[in-house]
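# Inside the fold
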Amino acid sequence: MAAFALTVLLMGTIGLILVVAGTTMLSTGLRDRDPYPRTRIPGRVVDNGSGALDASTVTVEYPLPDGTPNRVTAPVPWRGRPRGIGTPYPVWVRIHDPHDAVVVREGYGGRLQLVAGGVLLAVGVVAALVGGLLFLWLLAGTSVIS
């Protein structure tokens, strides 16, 4: 009986931890998404941040609608870094303001963060509810063995 009660308590606790983690991931993913409609424009890398201080940034040059070049410097994830200067690299330009461009389309909150947060939240809610209901059932005095 004591082992079952401990298991139920552990299930509820893990469920609550998963609910907090899922809610945090969902809120961060929703908050960090880019709210503006953007279109993809081809660009070329002019500086790939090979120095020690700016190793996580890249500068990309892209054409404005009138043909004049514009540059954007932005942080990029290590995995998506361009290899060298002159490498084609797309930028995402705001439709109504072509001077507003980003290198990573959705900022730091992507679809993976939203999906993982939703899954954690769903599993956590189920575990917390089952653990809570079983704990209430144990408090009611019903024997597990009977």
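The following refers to the structure shown. (Residues numbered from 1 in each chain as written. Predicted model: local features only at pLDDT ≥ 70, side-chain atom pairs only at ≥ 80, totals over all residues. Heavy atoms only, no water.)

### Things to note about the overall build of the chain
Spelled out, the test is: Counting from the N terminus, the helices are the DSSP runs of H or I reaching at least four residues and the strands are the DSSP runs of E reaching at least two. For this analysis, residues touch if any pair of their heavy atoms sits within 4.5 Å. In short, Shrake-Rupley with a 1.4 Å probe defines the accessible areas, and a residue's cover is counted only from the protein chains shown.
On a plain count of helices and strands, the chain comes out with two helices and six strands. Taking all contacts inside the chain whose residues are at least 6 apart in sequence as the whole, residues at least 24 apart take part in 66%. About 9,500 Å² of surface is accessible on the chain, with carbon and sulfur atoms providing 68% of the total.

### Comments concerning the side chain of Asn 70
To keep things clear, this is the line we draw: Distance and chemistry together define a polar contact, namely a pair of N or O atoms within 3.5 Å, with one atom able to donate a hydrogen and the other to accept it when in protein, and with adjacent residues in sequence counting only for side-chain atoms on both sides.
Mapped onto the elements of the fold, Asn 70 is located in strand E4 (residues 69–75). Side-chain polar atoms of Asn 70 contact the side chain of Tyr 62, separated by 2.8 Å.

### Regarding the nonpolar core
The following threshold applies: Among buried residues, those of type Ala, Val, Leu, Ile, Met, Phe, Trp, Tyr and Cys that are joined through side-chain atoms within 4.5 Å constitute a nonpolar core. For the exposure calls, accessible area comes from a 1.4 Å probe over protein chains only, and a residue counts as buried if that area is under 20% of its type's maximum, exposed if over 50%, partly exposed in between.
In terms of nonpolar packing, the biggest core is built from 13 residues, with Val 58, Val 60, Tyr 62, Val 72, Tyr 89, Val 91 and Val 103 touching the most fellow members. Of all the secondary-structure elements, those providing two or more residues to this core are strand E3 (57–63), E4 and strand E5 (91–94). Here the element with the most residues in this core is E3; it accounts for three residues. Each residue touching Val 91, except ones within four places of it in the same chain, is listed here: Thr 39, Arg 40, Ile 41, Val 60, Tyr 62, Val 72 and Val 102.

### Thoughts on the pattern of salt bridges
Put simply, the test is: For salt bridges, the criterion is a side-chain nitrogen of Lys or Arg within 4 Å of an Asp or Glu carboxyl oxygen.
Tallied over the entire structure, the rule returns three salt bridges. Linking Glu 61 and Arg 71 is a salt bridge whose minimum nitrogen-to-oxygen distance equals 3.1 Å. Note that Glu 61 is positioned in strand E3 and Arg 71 in strand E4, a separation of 10 residues in sequence. Judged by its relative accessible area of 53%, Arg 71 falls in the exposed class. Linked through salt bridges whose partners overlap, the residues forming this network are Arg 38, Arg 94 and Asp 100.

### With respect to the environment of Leu 18
Tracing the backbone shows Leu 18 in helix H1 (residues 2–31). Classification of Leu 18 as partly exposed rests on a relative accessible area of 22%. Leu 18 sits 110 residues away from Ala 128 along the chain, and the two C-alpha atoms are 8.8 Å apart. Once residues within four sequence positions are removed from consideration, Leu 18 is found in contact with Leu 120, Leu 121, Val 123 and Gly 124.

### What to know about the pairing of E3
What counts here: For two strands to be treated as a pair, DSSP must find at least two bridges joining them.
Pairing geometry for strand E2 (residues 44–47) and E3, over three bridges, is antiparallel. The residue of E3 that forms the bridge with Arg 44 is Glu 61. Sheet topology note: the E3/E4 ladder contains seven bridges and is antiparallel. Counterpart to Tyr 62 in the pairing with E4 is Asn 70.

### Points about the packing of H1 against helix H2 (residues 111–139)
Selection criterion: What counts as an axis is a line fitted to C-alpha atoms, over the stretch in contact for a helix, and the angles between N-to-C directions run from 0 to 180 degrees. Roughly parallel means an angle under 35 degrees; roughly antiparallel, over 145; roughly perpendicular, 65 to 115; everything else is oblique. The crossing is said to be left-handed when, going from far helix to near helix, the turn is anticlockwise and less than a right angle, and right-handed when the turn is clockwise. Residues are grouped as follows: Ala, Val, Leu, Ile, Met, Phe, Trp, Tyr, Cys and Pro are nonpolar; Asp, Glu, Lys and Arg are charged; every other residue, Gly included, is polar.
In contact at an axis separation of 6 Å, H1 and H2 are set at 155° when each is read in the N-to-C sense. With respect to each other, H1 and H2 are oriented roughly antiparallel. In terms of crossing hand, the pair formed by H1 and H2 is left-handed. Its residues placed into classes, the contact of H1 with H2 shows 24 nonpolar, 11 polar and no charged.

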